Amino acid sequence: MINRLALSLIADVMDWNEEEVTREYAWLRLMSSVKYDGYSDFRAGVRFLENLAIWLRQFDPQDRPTAYAFIRHRLVYISTAEMHRVIDTFVPETVTPYLREAAAEEANIRPYETWGNPQGVAAFNRLMRCSLFVGLSDGSRIDVLRRANSGRLVQDQVVPMLDIGLEKWKDLKKKLAKELGADACFENVFLIDDFTASGTTFIRQSDKGKWKGKLEKFNALVCNARDELKDDFPIAEQYNLHIHHYVSTQQANEALEERVADADQNWPERSFASYRITQGLLLPADLKMRDDTDETMLSVCDRYYDDHLYQRLKEHCDEAGQTDMKRGYADCALPVILEHNTPNNSVSILWAETSGKPGHKMNPLFRRRDRHG
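The notes below deal with the structure included here.

Basis of the calculations
Residues numbered from 1 in each chain as written. Predicted model: local features only at pLDDT ≥ 70, side-chain atom pairs only at ≥ 80, totals over all residues. Heavy atoms only, no water. Helix = DSSP H or I, 4+ residues; strand = E, 2+ residues; numbered from the N terminus. Buried < 20%, exposed > 50% of the residue type's maximum accessible area, 1.4 Å probe, protein only. Contact = heavy atoms within 4.5 Å. Areas by Shrake-Rupley, 256 points an atom, 1.4 Å probe, with all protein chains shown as cover. Lys, Arg positive; Asp, Glu negative; His and termini not counted. Charge placed at Lys NZ, Arg CZ, Asp CG, Glu CD. Salt bridge = Lys/Arg side-chain N within 4 Å of Asp/Glu carboxyl O. Axes fitted to C-alpha atoms, helices over the stretch in contact; angles between N-to-C directions. Parallel < 35°, antiparallel > 145°, perpendicular 65-115°, else oblique. Nonpolar A, V, L, I, M, F, W, Y, C, P; charged D, E, K, R; others polar. Polar contact = N/O pair within 3.5 Å; in protein donor to acceptor, adjacent residues only side chain to side chain. Core = buried A, V, L, I, M, F, W, Y, C linked by side-chain atoms within 4.5 Å. Pairing = 2+ DSSP bridges. Disulfide = S-S within 2.5 Å. Arc of directions from axis to C-beta.

Considering the overall build of the chain
Of the regular secondary structure elements, the chain holds 14 helices and nine strands. Reported as C-alpha extents along the three principal axes, the dimensions of the chain are approximately 75 × 50 × 35 Å. When the 373 residues of the chain are sorted by exposure, 51% land in the buried category. Restricting to contacts in the chain with at least 6 residues of sequence separation, those with at least 24 account for 69%. Element-wise, carbon and sulfur atoms account for 47% of the exposed surface of the chain, whose accessible area totals about 17800 Å². Within the chain, one finds 49 positive and 58 negative side-chain charges whose respective centroids are separated by 4 Å.

Regarding the pattern of salt bridges
Scanning the entire structure with this criterion turns up 20 salt bridges. Of the charged contacts, one joins Arg 23 and Glu 24 as a salt bridge, the two residues approaching to 3.0 Å between their closest N and O atoms. Its relative accessible area of 6% is what places Glu 24 among the buried residues. Between Arg 327 and Asp 302 there is a salt bridge; the shortest N-O distance is 3.8 Å. Of the two residues, Arg 327 sits in the loop between helix H14 (314-319) and strand E9 (336-338) while Asp 302 sits in helix H12 (residues 295-303), which places them 25 residues apart along the sequence. Taken together, the salt bridges that share partners define one network made up of Arg 23, Glu 24 and Arg 72.

Some words on unusual backbone geometry
Glycine aside, residues mostly have negative phi angles, and peptide bonds mostly take the trans form. The phi dihedral of Arg 141 is positive, around 50°, even though this residue is not glycine. Looking at where Arg 141 falls in the secondary structure, it is placed in the loop between strand E2 (131-135) and helix H8 (142-148). For Asp 331, which is not glycine, the phi torsion reads 50° and is therefore positive. Structurally, the position occupied by Asp 331 is in the loop between H14 and E9.

Considering the packing of helix H9 (residues 166-180) against helix H10 (residues 214-229)
In the contact formed by H9 and H10, the axes pass within 11 Å of each other and the chain directions differ by 75°. In terms of orientation, H9 and H10 fall into the roughly perpendicular class. Residues Leu 166, Trp 169 and Lys 170 of H9 form the contact with H10, whose participating residues are Leu 221, Ala 225, Glu 228 and Leu 229. Counted by class, the contact of H9 with H10 contains five nonpolar, no polar and two charged residues.

Some words on the side chain of Arg 368
As for its position among the elements, Arg 368 is in the segment after E9. The class for Arg 368 is buried, based on a relative accessible area of 15%. Within polar-contact distance, the side chain of Arg 368 engages the backbone oxygen of Thr 342 at 2.7 Å. Excluding residues that lie within four positions of it along the chain, Arg 368 makes contacts with Tyr 39, Asp 41, Asn 341, Thr 342, Pro 343, Asn 344 and Trp 351.

Thoughts on the nonpolar core
Ranked by internal contacts, the top residues of the largest apolar core, which has 82 residues, are Leu 28, Phe 48, Trp 55, Leu 350 and Phe 366. Look past the residues within four positions of Phe 366 in its chain and what remains in contact with it is Tyr 36, Tyr 39, Phe 42, Phe 48, Leu 75, Tyr 77, Ile 337, Thr 342, Leu 350 and Trp 351. Within the second largest apolar cluster, 34 residues are counted, among which are Val 134, Phe 202, Phe 218 and Trp 267.

So, the sheet that holds strand E4 (residues 186-196)
In spatial order, the strands read E3-E2-E4-E7-E8; together these five strands make up an open sheet with parallel pairing. One side of each edge strand has no neighbouring strand; the edge strands of this open sheet are strand E3 (158-159) and strand E8 (274-283). Pairing of strand E7 (residues 235-249) with E8, which is carried by nine bridges, proceeds in the parallel orientation. Of the residues in E8, the one forming a bridge with Val 247 is Leu 281. In the packing of helix H11 (residues 250-266) onto the sheet, the strands contacted are E4, E7 and E8, and the crossing angle to E8 comes to about 175°.

With respect to the side chain of Arg 129
Along the chain, Arg 129 turns up in helix H7 (residues 118-129). Residues within four places of Arg 129 in sequence aside, it is in contact with Val 154, Asp 156, Gln 157, Lys 175, Leu 176, Glu 179, Leu 180 and Phe 186.

Some remarks on the state of the cysteines
Tallying each qualifying case throughout the model produces zero disulfides. Cys 301 carries a free sulfur, and the closest cysteine sulfur to it, the one in Cys 332, is 14 Å from it. Residue Cys 332 is classed as buried on the basis of its relative accessible area, which comes to 1%.

Let's talk about the pairing of E2
In terms of burial, E2 is largely enclosed, as five of its five residues are buried. Every second residue of E2 is oriented toward a common face, with Ser 131, Phe 133 and Gly 135 on one face and Leu 132 and Val 134 on the other, all of them buried. Inspection of the sheet shows E2 paired to E4 by five bridges, in the parallel sense. Following the sheet pairing, Phe 133 is matched in E4 by Phe 190. Inspection of the sheet shows E2 paired to E3 by two bridges, in the parallel sense. The residue bridging Val 134 from the neighbouring strand is Val 159, located in E3.

Thoughts on helix H5 (residues 80-88)
Every buried residue of H5 is accounted for by Met 83, Val 86 and Ile 87. In an axial view of H5, the angular spread of the buried residues amounts to 100°, which keeps them on one side of the axis. Against the buried residues of H5 lie strand E1 (76-78), helix H6 (90-107), H8, E7, E8 and E9.

Rendered as structure tokens:
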């Protein structure tokens, strides 16, 4: 009953004729049940269709077809099942090929010979155990990663969050040494996160040249713990750093390559010897909304905007050199929704919720949990 009422309300808001109702109802029912109703931040009793009706009503009648067409044809929603598939493939498609090549080099054989060579298998197993996997946020889904790799990874080589205390470091060293000997250390460290759109959160420099971001935080964590624990620290002096995001935009990938290369050359306190940047899903460059291809919808984003959003996130925005949040953080202008939260890099008309005092009141279609205030 609620579903039919929501559909009827959408039809009324959109002023559809019978042909449009028949066509659009079928699509709305399909997409809401298969994907959109799974969004984790919908409130009890109010799912996608109800939110869509409320969201569409905030626009003037002449702008509603543009807004609906944007949802119909431009929105990219990454569901729970799709995210899990990307997580499932991380170890077999990213970690394993790299370690196989390293094991083959150690055993002085070709990579394709690794599984048929006892020395190659032994080297691979050692390298796998000497790999540390660190989640950078709750989005890294360490629980899903562990379940997907039961039998491949052990509990004592996976750390769910970046906040690692000295006792945890010592415990990791103790467990590794018990299995592989007193000299054993983690030779590969995989930093894992769910999504990057601009790369700014992971690594950036302030106006004064100070490095900031998750990589700087992890690097400082390693350096401080190593100084404190000496031989009880579990990560090798010349470890290989692997930066992996389950989903990345082309813009973020290029930014990370540039910034990490800069840090690798000019960061005197860096703790890693080498680095690799990988992703499970690389979103195409043309996903970003642009003035030449998305002019009409971007105009809607500009007009239905409340600058209270920027004022509330001013410190965060100023670091990215932007003066408003119409097109999302770092002006990424993405039409992307993740099932557990909406990136602030997506156009703000999708996720912002404001009172409307400095501008137009914004009602979210996919409400975002904002950690910046």
